[in-house]
Amino acid sequence: MSLGTAIAMAVGLRLHRPAGRAIWRLLACGQMMYVGGDVAYFTATAGGDTSYPVLANLLYVSQYVFVAAALVLLGRRRSPQRNVAALVDTAILTVAAGVLWWVFLIHPAVTGPGFSALDRVGATIYPIMDLCLLTVAIRLLLGGGARQRSYQLLLTFLGLTLFADTAYALMSLHGVYEVGGWSDAVYLTSYVALGVAALHPSMRRMAEPVERRSGATLYRVVLLAMATSTAPAVLIVQNLRHDESSDLVVVTASAVLFLLVLTRMAGLISAQRRIAMTDGLTGVYNRRFLSEALRARSERAVRHGGTLAMLLADVDHFKNINDTYGHPAGDQVLREVARRLRDTCRGTDVVARFGGEEFAVLVTGEVPDGLPALAERLRERIAGAPVLVDDGTAIAVTVSVGAAVLPGSASTEELLIATDAALYAAKRGGRNRVVTSDPERATPTGSDPADIGPADIDRQIQRWTTVVSESLRRHADDPGVPASMVAGVCAAWALMRTAGPGRPALSAEQARAELLRCRGVHFHPRALDEFLALERAGVIDTPETAAAPQLAATLG
């Protein structure tokens, strides 16, 4: 049966020609080692010799080495990226299994009476090899991805082999093993599973790379909880049996498990923090992280002097890209623009997705050749080469960039408004250009009505929302106002202050009165009060009346 399994793997390699042929060759070599071990064992014991067959057991042990090497190679091909979480989980499960192996298999055989030195070596090395095989099998299992029929049969072979090895060791330890018993049937079944895995057509795809999984599943959490409770449970059982011989090993394993769990928790916290501050599409920072970084930078500038510098880059005619090439192509454009921005900026600068197709760069420290030069490098880097989308289509992409530098005493709202004004000036000037804001002019004025579309108005409302939200967060007593409630106030103001078909625009006084009439009913009181305070201070400007049809369509 062992030889037939090796032949089946050779036939499967010739028929299906899979990727990663070395994996199947290693498995076949391991099976041939087992065949050699069988021949050596029965040759040595045919004459009634009961001595330990050293050559046979060396060949048997060699099978574990080849199989483990094949599994390691398979795991690397399926999951080429480093996965620290899976490694830690594997270590937790391996330590838990090691405790059980030591207490119930290795230690009793090593310390029990009636065993020769070679018997003790064999009783030690086989469980250790099983543990090594279990480790690489767990790592492979936790890698996730598509589980082809061949892959499932390979895991079945591993599971049955480990189960039969454990059963054989326990029965031999207690003197109840019989040749030809049920444990031998389990071995034979595992050979069949391995042979069928090699002959199944899906074996050619088994070594293909798979998509990485997060690993934070309920099944894995339950499995890890059971593993971490293994050592304390074994310690309780040993105390009930009045056996303290392995207490030191079990306590050490408990400490190791505790440290591994702490490492796993630290990894989960780090991953959650990374998710919370990263834009899921582009991989750069999100607006929330940018707000925190901007606040920290402002406080540092106040304490130590210096300036506040920011860039806003908006992808030109992005709606046309989506309409012409589809949203997947638009997503690819955003990812590539983010990558080029990140590669061009310094490592200390904060690159974030500000919203939609707009990106922000918070410049930290002094720029050697000045902020306008940095902004121009960003614009040239993005416009320098087209963006290739999935179907090979090349899309020419440009950005408009607004830049602003203010004294450290300026507020974050002033910096946002100044940068926003520069960006609007760049778009009004024909796009694909850089404009540096004039600190004396905090709001964009003189825009060309024909150049304003629904996307521009929507971004204007988004910017008002950002400015009001930032202002609200500066108040220490503010319990927190959802951004959606702030956006509702901004959108209502834009609608009332813009003329529509058959509807004149309201004056500022009339719009304020309408907002106050709905205070606490339709609008959040704190959001409304802060908006009106900023509007009276001249921070909130008014959309162009010529854009009324587009605004009505945008707001529904």
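Residues numbered from 1 in each chain as written. Predicted model: local features only at pLDDT ≥ 70, side-chain atom pairs only at ≥ 80, totals over all residues. Heavy atoms only, no water.

*Asks:* How would you summarise the side chain of Gln332 if you had to cite specific residues and measurements?
*Replies:* Mapping Gln332 onto the fold places it in helix H13 (residues 327-344). Of the polar contacts made by the side chain of Gln332, one reaches the side chain of Arg335; its length is 3.3 Å. Residues within four places of Gln332 in sequence aside, it is in contact with Val387, Leu388, Val389 and Asp390. (Helix = DSSP H or I, 4+ residues; strand = E, 2+ residues; numbered from the N terminus. Polar contact = N/O pair within 3.5 Å; in protein donor to acceptor, adjacent residues only side chain to side chain. Contact = heavy atoms within 4.5 Å.)

*Asks:* Tell me what's going on with the pairing of strand S6 (residues 399-407), and back it up with residues and numbers.
*Replies:* Judged by how many residues are buried, S6 sits mostly within the fold: seven of nine residues are covered. Note: strand S1 (residues 307-315) against S6, nine bridges, orientation antiparallel. Note on S6: the bridge partner recorded for Val315 is Val399. Bridge count between S6 and strand S7 (residues 434-436): three bridges; the pairing is parallel. Looking at S7, one finds that Ala403 is bridged to Thr436. Once you follow S6 into helix H15 (residues 412-428) and on to S7, the crossover reads as left-handed. (Buried < 20%, exposed > 50% of the residue type's maximum accessible area, 1.4 Å probe, protein only. Pairing = 2+ DSSP bridges. Right-handed = clockwise from strand over helix to strand, strands pointing away.)

*Asks:* Give me a nonpolar patch on the surface: which residues, what numbers.
*Replies:* Taken together, the side chains of Leu3, Ile7, Val11, Leu15, Met32 and Leu199 define a hydrophobic patch exposed on the protein surface, amounting to about 520 Å² of accessible area. A total of four residues in the nonpolar patch trace back to one element, the largest contributor, which is helix H1 (residues 2-16). If you trace the backbone, Met32 turns up in helix H2 (residues 21-45). (Patch = residues over 30% accessible without salt bridge, like charges linked within 9 Å, V, L, I, M, F, W, Y side chains within 5 Å. Areas by Shrake-Rupley, 256 points an atom, 1.4 Å probe, with all protein chains shown as cover. Salt bridge = Lys/Arg side-chain N within 4 Å of Asp/Glu carboxyl O.)

*Asks:* A description of helix H7 (residues 182-199) should follow, citing residues and the corresponding values.
*Replies:* For H7, built from 18 residues, the straight-helix expectation of 26 Å at 1.5 Å per residue is met to within 8% by its first-to-last C-alpha distance of 26 Å. Looking at H7, one finds that the buried residues are Ser183, Asp184, Val186, Tyr187, Ser190, Tyr191, Ala193, Leu194, Gly195, Ala197 and Ala198. Contact partners of the buried residues in H7: H1, H2 and helix H6 (149-173). (Expected span 1.5 Å × (residues − 1).)

*Asks:* Explain the pairing of strand S3 (residues 358-363) residue by residue, including any values.
*Replies:* Counting buried positions along S3 gives six out of six residues, so the element sits mostly inside the fold. With burial as the criterion, each face of S3 is covered, one bearing Glu358, Ala360 and Leu362 and the other bearing Phe359, Val361 and Val363. Sheet topology note: the S1/S3 ladder contains six bridges and is antiparallel. Its bridge partner being in S3, Ala309 is matched across the sheet by Val363. Here five bridges tie strand S2 (residues 350-355) to S3, and the two strands are oriented antiparallel to one another. For Arg353, the partnering residue across the bridge sits in S3 and is Phe359.

*Asks:* Residue-level account of the environment of Tyr187, with values.
*Replies:* When you line up the elements, Tyr187 lands in helix H7. On the accessibility criterion, Tyr187 (12% relative accessible area) is buried. For Tyr187 and Ala164, which are 23 residues apart along the polypeptide, the C-alpha to C-alpha distance reads 6.2 Å. Beyond its immediate sequence surroundings of up to four residues, Tyr187 is in contact with Thr161, Ala164, Asp165 and Tyr168.

*Asks:* An account of the sheet that holds S7 is requested, with residue identities and associated values reported.
*Replies:* In spatial order, the strands read S2-S3-S1-S6-S7; together these five strands make up an open sheet with mixed pairing. Edge positions in the sheet fall to S2 and S7, since each of these pairs with one other strand and no more. Strand after strand, the sheet turns through a mean of 20° between neighbouring axes, direction not considered. Set on the sheet, H13 makes contact with S1, S2 and S3; between it and S3 the angle comes to about 15°. (Axes fitted to C-alpha atoms, helices over the stretch in contact; angles between N-to-C directions.)

*Asks:* Any chance you could break down the pattern of salt bridges for me, citing the residues and the numbers?
*Replies:* Counted under the stated rule, the structure contains 15 salt bridges. A salt bridge links Arg264 to Asp89, with the nearest nitrogen and oxygen atoms 2.5 Å apart. Pair noted here: Arg264 is in helix H10 (residues 247-277) and Asp89 is in helix H4 (residues 84-111), with a separation of 175 residues, a long-range link. Classification of Arg264 by relative accessible area gives buried; the value is 10%. The shortest N-O distance in the salt bridge between Arg340 and Glu336 comes to 2.8 Å. With a gap of four residues between them, Arg340 and Glu336 both fall in helix H13, about one helical turn apart. Arg340 gets classed as buried once you look at its relative accessible area, which sits at 6%. Classification of Glu336 as buried rests on a relative accessible area of 13%.

*Asks:* Outline the side chain of Asp130, listing residues and values.
*Replies:* Secondary-structure assignment places Asp130 in helix H5 (residues 117-142). A residue is classified by how much of its surface remains accessible, and Asp130, at 4% relative accessible area, is buried.

*Asks:* Hey, could you go over the packing of helix H8 (residues 218-228) against helix H9 (residues 230-240) for me, with residue numbers and the actual values?
*Replies:* Running from N to C, H8 and H9 point in directions that differ by 35°, and their axes come no closer than 4 Å. Contacts from Met226, Ala227 and Thr228 of H8 reach H9 at Thr230, Ala231 and Pro232. Each residue belonging to the contact of H8 with H9 can be placed in one class, and the counts come to four nonpolar, two polar and no charged. (Nonpolar A, V, L, I, M, F, W, Y, C, P; charged D, E, K, R; others polar.)

*Asks:* Help me get a handle on the environment of His174, residues and values and all.
*Replies:* Relative to the helices and strands, His174 is located in the loop between H6 and H7. Each C-alpha atom of the pair His174 and Pro108 lies 9.9 Å from the other, and the pair is 66 residues apart in sequence.

*Asks:* Outline H8, supporting the account with residue identities and numerical values.
*Replies:* Those residues of H8 not exposed but buried are Arg220, Leu224 and Ala227. For H8, the angular spread of buried residues about the axis comes to 60°, placing them on one side. Facing away from the buried side of H8, by more than 90 degrees, are the exposed residues Leu218, Tyr219 and Met226. (Arc of directions from axis to C-beta.)

*Asks:* Provide a residue-level description of unusual backbone geometry, including the pertinent values.
*Replies:* The phi dihedral of His317 falls on the positive side, at around 50°, and the residue is not glycine. Checked against the element boundaries, His317 lands in the loop between S1 and helix H12 (318-325). The phi dihedral of Asn432 is positive, around 55°, even though this residue is not glycine. Structurally, Asn432 is set in the loop between H15 and S7.

*Asks:* Would you mind going over the confidence of the model for the chain in detail, with residue names and values included?
*Replies:* Confidence in the prediction for the chain averages 83 pLDDT; 89% of positions are at 70 or higher. Confidence, expressed as mean pLDDT per element, reaches its minimum in the chain at helix H20 (residues 548-555) with 41 and its maximum at H7 with 94. A low-confidence stretch, residues 440-453 stays under pLDDT 50, and its non-local contacts, those more than four residues away or across chains, total 29 contacts. Below a pLDDT of 50 lies the segment residues 542-556, which in the model reaches 28 contacts outside its immediate sequence neighbourhood of four places, other chains included. (pLDDT = per-residue confidence, 0-100.)

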